[in-house]
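Residue-level listing of the chains:
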Amino acid sequence: MHVRIISALVTCVALSACVEKSKSLSKADQDKVAQIVSRTRPTPEHPLDIEFEGKLRLLGYDLDTETATEGKPFVVTWYWEVVAPLGEGWKIFTHLADAARKSRINLDATRAVRRLVPEDTWKKGDFIKDAQEVTLPRDWNSPQAVFFLGFYEG
């Protein structure tokens, strides 16, 4: 089955355990950080202009495919503009739901940003390129995949 990918956005506050980040990065990780954080405004294929509490703006997203197939990975890349620092303890969430808006997959940790450029290090004027690899489970039985994004404190 081919699944049409659409996006939806929500915000919420939830509790979560904090994860410590190593301060030293390898050369390869430093190169990845340079690809994630920019001072130049991106031009996403699917533009949006959604502001999150005066701190972040979701500028849009890119998909490496417009349809997804169960068991085959695809990449969605979100583009964020930092209007003001989030502050300590805030994290991005991404959940994938079916056409009935039933949450099926928690994608919170499947992003290089979480490990390499934690949200509490984002600075005003930064543009963040947040790529996520997603694989629909083999039992996916919906004609749509809907993304819910937001931030939580925990």
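Up top is the structure these notes are about.
Residues numbered from 1 in each chain as written. Predicted model: local features only at pLDDT ≥ 70, side-chain atom pairs only at ≥ 80, totals over all residues. Heavy atoms only, no water.

Positive phi is not limited to glycine here, since E53 has a value of about 50°. Within the fold, E53 resides in the loop between β3 (46–52) and β4 (56–63). Overall, the relative accessible area of 74% leaves E53 in the exposed class. The phi dihedral of R101 falls on the positive side, at around 70°, and the residue is not glycine. One can find R101 in the loop between β7 (90–97) and β8 (103–106). (Helix = DSSP H or I, 4+ residues; strand = E, 2+ residues; numbered from the N terminus. Buried < 20%, exposed > 50% of the residue type's maximum accessible area, 1.4 Å probe, protein only.)

Judged by how many residues are buried, strand β6 (residues 74–82) sits mostly within the fold: eight of nine residues are covered. The sheet contact formed by β4 and β6 spans seven bridges and is antiparallel. Directly across from D62, in β6, lies its bridge partner T77. Note that β6 and strand β9 (residues 127–134) share eight bridges and pair antiparallel. Across the sheet, W80 pairs through a bridge with I128, a residue of β9. (Pairing = 2+ DSSP bridges.)

Looking now at the sheet that holds β9. Read across the sheet, five strands follow the order β2-β9-β6-β4-β3 without closing on themselves; strand pairing throughout is antiparallel. Only two strands of the sheet have a single neighbouring strand rather than two, namely β2 (37–38) and β3.

Keep in mind these values describe shape, not function.
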